[in-house]
Amino acid sequence: MRSAQGGKHENGGRHISGAEMIVEAEAVELVIKKLLDRAFYHSKGEADFINISLQQITAEEMFNIPALDITTVEVDSYQKGRECLVMALQKIGFSLKKACFLVHTLEHSDPMRGALLIDLHTLKRIDSNQNRGIRVTGMDWCPHLKQDLELRLIEAGINNIHLKEALALASKVVKAPGIVAEICWSDDPDYPAGYIASKELGYMRITQLKPLGDSRGGRVFCFDSSSASLEECIKWLEKEIVLINRLPIIKGKISCDQFMGG
Ligand code: WAQ
Ligand code: MG
């Protein structure tokens with residue numbers, strides 16, 4: 001599902017919300033109703049364009065992958081959160097300059113429904129769709145895991161729809177050929193948290209990456225062009241169907257200073 005205000009996305013409408021679900025055939029009607037509700041009632045505003053598309057898929061077409069493990073870094077301001085994000089990028093091998101550039105790129109990105117794909121060597125944007133970016137599709141949790149996931153997240157005090165969807169997405173993104181890291185914060189004005197995901201860090205949430213009330217958000221995917229082909233990477237992100245078949249390990253919460261020091 002994708003929804004926009006002021007007409008279709010492709011005609012310049014402002015992106016309101018989007019979501020992906022993989023369900024058994026019997027659940028389709030129910031899920032369409034859920035997606036419609038999400039499209040209509042959103043903190044970013046009222047949609048006047050909604051597109052819901054359905055595709056039949058078979059078990060043989062799907063890849064199964066595990067969820068990334070979750071760490072939460074607690075910060076008391078979004079400025080501190082962004083410092084922490086820069087530090088995390090440095091921990092996985094980026095220079096300070098590159099790390100700052102990537103965070104700056106996300107800060108100043110135009111609103112869109114997809115992600116910016118950035119080449120790590122040139123620091124240039126390499127996805128071709130200027131207004132849309134790369135839209136990752138075709139991922140969800142295995143239906144039989146959803147209840148246990150919910151219980152684990154409730155127990156950890158972090159159960160919400162943003163996290164569940166973002167974790168599924170990031171788990172897929174990190175497995176893409178050539179992707180070294182993803183950084184993200186939500187475009188929902190009432191959701192200030194975001195994350196960095198990579199093979200080494202797993203899914204590292206940062207409790208504040210933007211001020212409350214701000215409806216600017218986005219995603220940056222960092223691509224190493226020396227290790228994979230761009231076509232393969234985009235095919236994985238946009239076309240392959242992935243089910244998350246292993247629950248995340250939920251590590252404890254740490255403070256920003258603990259993370260910076262450790
Ligand atoms: N593929 C690529 N980019 C996307 C996609 C997608 N499927 N969906 C959203 N984006 C981009 C787009 O630019 C949005 O404006 C931006 O990401 C933010 O999307 O653990 O809710 O769906 O507590 O608002 C982080 C959760 C939640 C942190 C992120 O993103 C946590 C979130 P949103
Ligand atoms: Mg959103």
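Residues numbered from 1 in each chain as written. Chains lettered and ligands numbered in written order. Predicted model: local features only at pLDDT ≥ 70, side-chain atom pairs only at ≥ 80, totals over all residues. Heavy atoms only, no water.

Caption draft 1: Here's a closer look at the coordination of the magnesium ion (ligand 2). Around the magnesium ion (ligand 2), the donor atoms from the protein are Asp-187 (OD) and Asp-188 (OD), and they sit 2.1 to 2.2 Å away. Residue Asp-187 is classed as buried on the basis of its relative accessible area, which comes to 17%. When its relative accessible area of 10% is taken as the criterion, Asp-188 is described as buried. (Donors = N, O, S within 2.8 Å, 3.2 Å for Na, K, Ca; no water. Buried < 20%, exposed > 50% of the residue type's maximum accessible area, 1.4 Å probe, protein only.)

Caption draft 2: View of unusual backbone geometry. At Leu-123, a position not held by glycine, the phi torsion is positive, near 60 degrees. In this fold, Leu-123 is placed in the loop between strand E6 (116–119) and strand E7 (139–141). Owing to a relative accessible area of 22%, Leu-123 belongs among the partly exposed residues under this scheme. (Helix = DSSP H or I, 4+ residues; strand = E, 2+ residues; numbered from the N terminus.)

Caption draft 3: Here's a closer look at the pairing of strand E5 (residues 70–74). Burial of E5 is extensive: 4 of the 5 residues sit out of reach of the surface. For E5 and strand E10 (residues 202–206), the ladder comprises 4 bridges, and the chain directions are parallel. When the sheet's bridge partners are listed, Thr-72 is paired in E10 with Arg-205. (Pairing = 2+ DSSP bridges.)

Caption draft 4: The site of ligand 1, seen in detail. In the region of ligand 1, 24 residues are neighbours, and Met-112, Asp-187, Tyr-191, Tyr-203 and Arg-205 sit closest. Separating an oxygen atom of ligand 1 from a side-chain N or O atom of Arg-219 is a distance of 3.1 Å. For ligand 1, whose unbound accessible area comes to 700 Å², protein coverage reaches 93%. Put simply, the parts of the chain that give the shell around ligand 1 at least two residues each are helix H5 (161–174), strand E8 (179–185), strand E9 (194–198), E10 and strand E11 (218–223). The element that contributes the greatest number of residues to the shell around ligand 1 is H5, accounting for 4 residues. The residue inventory of the shell around ligand 1, partitioned by class, reads 13 nonpolar, 5 polar and 6 charged. (Near = heavy atom within 4 Å. Polar contact = N/O pair within 3.5 Å; in protein donor to acceptor, adjacent residues only side chain to side chain. Areas by Shrake-Rupley, 256 points an atom, 1.4 Å probe, with all protein chains shown as cover. Nonpolar A, V, L, I, M, F, W, Y, C, P; charged D, E, K, R; others polar.)

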